[in-house]
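Structural overview
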Amino acid sequence: MAALKLVAPSVPPEEDAIAIDVLVEADGWAAVPDAEAICERAARAALAACGDAVPEPCEVAITLTDDARIRVLNREWRGKDKATNVLSFPQPDLPDDVDAPQPLGDIIVALETLTGEARAEDKTAGHHLAHLVVHGTLHLLGYDHIDETEAEEMEALERRILAGLGIDDPYALPQD
């Protein structure tokens, strides 16, 4: 697996102003070397790319789970009774009178779907994990891909962030 590198933003966020908490909830994540560090670097890179849109201080929670757990969440929250690769749950803004870091939300990633997609797309699991965390982080900040214009904007930003991490374009078509 190629090492991920973080490209410094033009105005780096305060390191202690952004908390990234990664919880490994399911067995098997040891198959993705450095999964927790990859999640943190990818989330920080996405937040840095969004600059002033990121409140400081803030928190992001990332849970590394399995297909069984994400299927339950997908069914309960989206009405889709199937596993998916990543879910994002943005949190509402805290009231102005609350003196606490703003929780941006939760990102949940499913191991079996992630590794299956990585194999099928001839990517490393680590690179695919970074992509899913970047994608999920952008959802927490209000980006979406419901219509074509929004999808193109979000994908362009993902490509730029991932390139800064040394990861190839995840949307490029395979070479013939």
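For the structure, check the block above.
The following paragraphs examine the structure supplied in this document.

Let us look at helix H2 (residues 67-78). All of the buried residues in H2 are Asp-67, Ile-70, Leu-73 and Asn-74. Seen end-on, H2 carries its buried residues on one side only, within an arc spanning 125°. Of the exposed residues in H2, those oriented more than 90 degrees away from the buried face are Ala-68 and Glu-76. Buried residues in H2 make contact with strand S2 (58-65), strand S3 (86-90), strand S4 (102-110) and helix H3 (111-120). Positive phi appears at Gly-79, one or two residues downstream of H2, with a value of about 70°.

Turning our attention to a negative patch on the surface. A surface patch of negative charge is lined by Asp-147, Glu-148, Glu-150, Glu-152 and Glu-153. Among the secondary structure elements, Asp-147 is positioned in the loop between helix H4 (125-140) and helix H5 (148-164). Under the relative-accessibility criterion, Asp-147 is labelled partly exposed at 38%.

Once that is clear, we can look at the layout of surface pockets. One number sums up the size of the second largest pocket: a volume of about 330 Å³. The wall of the second largest pocket is formed by 14 residues, among which Arg-78, Val-86, Ser-88, His-139 and His-145 lie closest to the centre. Only H2, S3 and H4 provide two or more residues apiece to the lining of the second largest pocket. At five residues, the largest contribution of residues to the lining of the second largest pocket is made by S3. Broken down by class, the residue content of the lining of the second largest pocket amounts to six nonpolar, six polar and two charged.

This paragraph deals with the packing of helix H1 (residues 35-49) against H5. Close contact between H1 and H5 brings their axes to 10 Å; oriented N to C, the two are set at 120°. As judged from the angle between their axes, H1 and H5 are oblique. The way H1 lies across H5 gives a crossing that is right-handed. In contact with Ala-45, Ala-46 and Ala-49 of H1, H5 contributes Leu-157, Arg-160 and Ile-161.

With that settled, the discussion passes to the nonpolar core. Among the nonpolar cores identified, the biggest contains 40 residues, and Trp-29, Ile-62, Val-109 and Leu-129 are the most heavily contacted of them. Where this core is concerned, the elements lending two or more residues are strand S1 (18-24), H1, S2, S4, H3, H4 and H5. The residues touching Trp-29, leaving out its near neighbours within four places in the chain, are Val-24, Ala-35, Leu-64, Thr-65, Val-109, Ala-110, Leu-111, Leu-114 and Leu-129. Membership of the second largest hydrophobic core comes to five residues, among which are Ile-70, Leu-73, Leu-87 and Ala-110.

About the cut-offs
- Residues numbered from 1 in each chain as written.
- Predicted model: local features only at pLDDT ≥ 70, side-chain atom pairs only at ≥ 80, totals over all residues.
- Heavy atoms only, no water.
- Buried < 20%, exposed > 50% of the residue type's maximum accessible area, 1.4 Å probe, protein only.
- Helix = DSSP H or I, 4+ residues; strand = E, 2+ residues; numbered from the N terminus.
- Arc of directions from axis to C-beta.
- Contact = heavy atoms within 4.5 Å.
- Patch = residues over 30% accessible without salt bridge, like charges linked within 9 Å, V, L, I, M, F, W, Y side chains within 5 Å.
- Areas by Shrake-Rupley, 256 points an atom, 1.4 Å probe, with all protein chains shown as cover.
- Salt bridge = Lys/Arg side-chain N within 4 Å of Asp/Glu carboxyl O.
- Lys, Arg positive; Asp, Glu negative; His and termini not counted.
- Charge placed at Lys NZ, Arg CZ, Asp CG, Glu CD.
- 1 Å grid on protein atoms, 1.4 Å probe; cavity = no way out; pocket = protein on both sides within 12 Å on 5 of 7 lines; lining within 4 Å.
- Points joined across faces, edges and corners; volume = space filled by probe spheres on them.
- Nonpolar A, V, L, I, M, F, W, Y, C, P; charged D, E, K, R; others polar.
- Axes fitted to C-alpha atoms, helices over the stretch in contact; angles between N-to-C directions.
- Parallel < 35°, antiparallel > 145°, perpendicular 65-115°, else oblique.
- Left-handed = near helix turned anticlockwise from the far one by under 90°.
- Core = buried A, V, L, I, M, F, W, Y, C linked by side-chain atoms within 4.5 Å.

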